[in-house]
Amino acid sequence: MTKDVEFQDVVYTVNVRKSIISESRKQTILKGVSGVFRHGQLSAIMGPSGAGKSSLLNAISGYRKSGVEGTMHLNRKASCYITQEDHHQPLLSVEELMHIACQLKVKGKANYEETITDVLSNLNLNHRRNVTADRLSGGERKRLSIALEMVANPSIFFLDEPTSGLDEVTAATCVRLFRDLAKQGRTVVCTIHQPSASIFALFDHIYVIARGSCVFQGSPKAVVPFLSHVHIECPRHYNPADFIIEVCDSESNDVIQTLSEAMQNGKAICTKLQLPSAIASTSTLEEEPSSLEPMTDFVIKPTVTSMILEQQRPKVSTLVQKMKQITRFFHSPHAVSGFVQFWVLFRLMWTKTMRNRTVLWIQLVHHIICAIFIGLIFLNAANDGARMFDHLKFCLGVCFFFCYTQVMVPILAYPREVKLVKKECFNRWYGLFPYYLALTLSRLPVQIFLNVIFTMLVYWLAGLPAEFFRYALFTVVGLIVSLCAEGFGLMIGATFNVMNGSAIGPLTIAPFLGLAIYGFDFAPQIPAIMQWLMRASFIRGGVVSVVLVVFGYNRQRLDCNEMYCHFDDPKVLLHYVRIDNTTLQFELGILIAMTLFYRLLCYLSLRRRFYK
Ligand SMILES: Nc1ncnc2c1ncn2[C@@H]1O[C@H](COP(=O)(O)OP(=O)(O)OP(=O)(O)O)[C@@H](O)[C@H]1O
C-alpha cells in the first residue's frame, strides 16, 4: 500500500468568461507539473498569491476532478482533505462530534471512548471535549478538524492553508503538530503562503509553485544553494522563504522559466549529495531541523517515483486492469453500511434541530402570527356566499404563506451546509444518498407540527366547516405545498451561493406567483398554452387543491345575506374558475411529482458539485 503522493504532468484548466455574453476561453492554471511527497515527511506547497497552490492540492488530492489531467499516484482511500475554513457541525460538543466521526468512520464495534481520548490527548484537545465547536479558538478548531479525521487513522493528510488566520505562535504549534503526524509515518502536505523562517525550517520538503509551474522542489536548506546555482543570490540573513516568493512574484517570466527548467517542472529534486559511506549511516527520516543553514553539497537529480518504476515494469494485461476497475466500483469506500450512515445522520440532524431553540421559537411565532393575520383578514368569511373573490384570496394567501416560508429558508441557510457536506463526503464519512435521505426526513416532524398549528388557526378563524375530514385534507394539501416549496428552495440553495441564491430565488418564484393568480376572473377564456404554463407552477397546483378542499366534497350551500348570491352554491364557484374538471387526487399527484422532481434536481446538483 503506497503511502507516498506522486504526480506527473498535471495540467489544470478552467473555463473563464468575462461576461455572460462573451465567449468562454480556457485558462491553464497548472502547466504540466510533476512532483513527489514522501511519507514520514512534512511537505509544504508554497508560492505567491494566485500561483496555483490550492489548485495543485485540490488536483492531486482529488478534491477537484473536472479540468484536471495527468497521472496521480496515491492511495485515496487512506487520505483526507482538511479545508482552509474549519467547517464543523454547529451546536455539538467536541466529544459529540468525535463520537459521530467514530460511528461513521470506524469499522465494527470498537471502543470509541478509548480512541476518542487517545486522539484528543494527542492533539491537546482533551480538556475542551465538552465545548461546542463554534466556541473553540482558531488553532483548536484546526486541531479538531484533524482529530475528526484521525479516528480513521489516515496515512495521507492534505491541508489547505492550515495556518491562515492564526498568529505566529499558534501557527508554529500547528506546524509542529503536523510534523509529529508525519514522523509517525504519514504523508502530510499543506499549502502555506509565506512562512516565517522558524516555520519554514520545520518542513522536510518544500514545493514552490509560480504561475502554474514548479520552480523548486526539495529540502528547505537547498533553496539558497539552488538559487545561487541559477545565479540568483539570496542576501545574507534573509528568510529564504520570503526571498524565493519575492523572486517568483517578480514581473519577469524569464526567471520563472529558468527556475522551472532547472527543476524540470517538478521532475527533479534538490537534495543533499550523499556519498556512498554517508548513505549507509543516514536514516530516511531527517533529524530535527535546528536552523536553515544552507546545504553545501547539494545536487539536482531526477525524482524516482514508483510511477516511473511502474512504467519500466512489463505491462499488466488490460483485462486484469479492467477487472480491478470493476471490483473497485462495487467496493464501498465507507466504513459502515448506508443504513447506519443514514441513521447516524438522521439523529445528528434531529439533535441539531432540537438544540437550535431560537430558530424553533422564531418559526413557531412566525407560523402563529401569520395564521392570526390571515385568519383575521378573512375572519368568519368562509361561509359568506357574496364574497367569492375573498374565498379565492384566502386560498391564495394560505398557499403563498407556505411557499415563501419554505422557499427562502433553504436558499439562505443551505449553501453554508454544502461546504461541510462536501468535505465530509470527500473524506468518506458518508455517501450523498444516505445524507440526502436523512436531510429530507429529519425536517419532516417539525414541518408537520408547524403546519398543523398554522392550518388549525387559519381554518378556525376563517370559519370553515367544522368537518375533520375537510380539515385533514386542508392540512395535507398545505404540507405537500410546503414540501414542494422546500424542495424548490433546496434545489436553488444546493446550486448557488447565498448571494446568487437570494437573487435567483425570488426571481424564479415570481413567475410561479403570477401563474398562480392568472385568469381566475376569466377562466373560460384562458388559452391552451397558458393552461400548460400554469401547470408548471406548483403554487397554482396548491391554490387549485385548496379551493377543491374548501369548496368540493359536498360542501353545503353558503349563507347569503343579500338579495341574490350567484356563488352561494360552491359548485357554481368551482365551475366559474374551471376547477370542476379536475380532481384533488390528480392535483396532489402532480404536486407530489413536482416535489420529487425538485428534490431529484437538488440531489443531482449536489452530486455535480461534490464530484466535479
Ligand atoms: N475555477 C476557477 N475559475 C477561474 N479561475 C480560477 C479557478 N480556480 C483557480 N483560478 C485562478 O487560478 C489561479 C490560482 O488559484 P489558486 O487558488 O490555486 O491560487 P493560490 O496559489 O492558492 O492563491 P492564494 O494563496 O491567494 O490562495 C488564481 O489566479 C485563480 O484566480
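Within each chain, residues carry numbers counting from 1 in the order of the written sequence. With pLDDT at 70 or above as the cut-off, local features in this predicted model cover only qualifying residues; side-chain atom pairs require 80 or more to be listed or tallied, and sums for whole chains, interfaces and linings still use all residues.

**Digging into the overall build of the chain**
For step 1, the next point in the chain: Only DSSP runs of H or I covering at least 4 residues are called helices, and only runs of E covering at least 2 are called strands; the numbering of each starts at the N terminus. The helix and strand tally for the chain stands at 23 helices and eleven strands.
For step 2, the next point in the chain: We call a residue exposed when 12 or fewer other C-beta atoms sit within 10 Å of its C-beta, buried when the count reaches 20 or more, and partly exposed for counts in between; the C-beta positions come from the backbone. Here the chain holds 612 residues, and 42% of them are scored as buried.
For step 3, the next point in the chain: The contact criterion used is a C-beta to C-beta distance within 7 Å, with each C-beta placed from the backbone. Considering only residue pairs separated by 6 or more positions, the chain has 80% of its internal contacts joining residues 24 or more positions apart.

**Some words on the UniProt feature "transmembrane region" (unreviewed entry) in the chain**
For step 1, the next point in the chain: In this numbering, the UniProt entry assigns the feature "transmembrane region" (unreviewed entry) to residues 360-382, 394-415, 435-461, 468-492, 498-520, 532-553 and 588-606.
For step 2, the next point in the chain: Between the C-alpha atoms that bound residues 360-382 the distance is 31 Å, and the span itself is 78% helix and 0% strand.
For step 3, the next point in the chain: The distance from the first to the last C-alpha atom of residues 394-415 is 33 Å, and the span holds 100% helix and 0% strand. UniProt positions are given in the numbering used here, feature names are shortened, and annotations may be inferred rather than shown by experiment.

**A few points about the site of the ligand**
For step 1, the next point in the chain: Inspection of the region around the ligand gives Val14, Val16, Ile29, Gly47, Ser49, Gly50, Ala51, Gly52, Lys53, Ser54, Ser55 and His193 as its neighbouring residues.
For step 2, the next point in the chain: Sorting the residues of the shell around the ligand by element identifies strand 1 (5-16) and helix 1 (53-61) as the ones contributing at least two each.
For step 3, the next point in the chain: If one sorts the elements of the shell around the ligand by residue count, helix 1 sits on top with three residues.
For step 4, the next point in the chain: Considered class by class, the residues forming the shell around the ligand number four nonpolar, seven polar and one charged. Being near a molecule or strand means, for a residue, that its C-beta atom, positioned from the backbone, comes within 6 Å of it. Polar here means any residue other than Ala, Val, Leu, Ile, Met, Phe, Trp, Tyr, Cys and Pro, which are nonpolar, and Asp, Glu, Lys and Arg, which are charged; Gly is therefore polar.

**Focus on the packing of helix 18 (residues 468-495) against helix 21 (residues 538-551)**
For step 1, the next point in the chain: Remark: helix 18 packs on helix 21, axes separated minimally by 10 Å, with the N-to-C direction vectors making an angle of 175 degrees. Relative to helix 21, helix 18 is oriented roughly antiparallel. Packed against helix 18, whose contacting residues are Arg470, Leu473, Phe474, Val477, Val481 and Cys484, the element helix 21 presents Phe538, Gly542, Ser545, Val546 and Val549 at the interface.
For step 2, the next point in the chain: Looking at the contact of helix 18 with helix 21 residue by residue, the classes come out as eight nonpolar, two polar and one charged. For helices, the fitted axis covers only the stretch in contact; all axes are lines through C-alpha atoms, and the angles between them, taken along N-to-C directions, range from 0 to 180 degrees. For classification, angles of less than 35 degrees are called roughly parallel, those exceeding 145 degrees roughly antiparallel, those between 65 and 115 degrees roughly perpendicular, and all remaining angles oblique.

**Digging into the sheet that holds strand 1**
Pairing between the strands of a sheet is mediated by backbone hydrogen bonds and can be parallel or antiparallel.
For step 1, the next point in the chain: Any two strands with at least two DSSP-identified bridges between them are counted as paired. Strand order in the open sheet formed by three strands is 2-1-4, and the pairing between neighbours is antiparallel. The outermost strands of the open sheet, each flanked by one partner alone, are strand 2 (25-37) and strand 4 (68-73). When strand polarity is set aside, the average angle formed by the axes of neighbouring strands in this sheet is 15 degrees.
For step 2, the next point in the chain: The sheet contact formed by strand 1 and strand 4 spans five bridges and is antiparallel. Along strand 4, the bridge assignment pairs Gln8 with Thr71.
For step 3, the next point in the chain: Packed onto the sheet, helix 1 meets strand 1, strand 2 and strand 4 and runs at close to 115 degrees relative to strand 1.

**Things to note about the environment of Glu6**
For step 1, the next point in the chain: Along the polypeptide, Glu6 turns up in strand 1.
For step 2, the next point in the chain: Since 22 C-beta atoms lie within 10 Å of it, Glu6 is described here as buried.
For step 3, the next point in the chain: Distance from Glu6 to Met72, taken between C-alpha atoms, is 5.9 Å for residues 66 residues apart in sequence.

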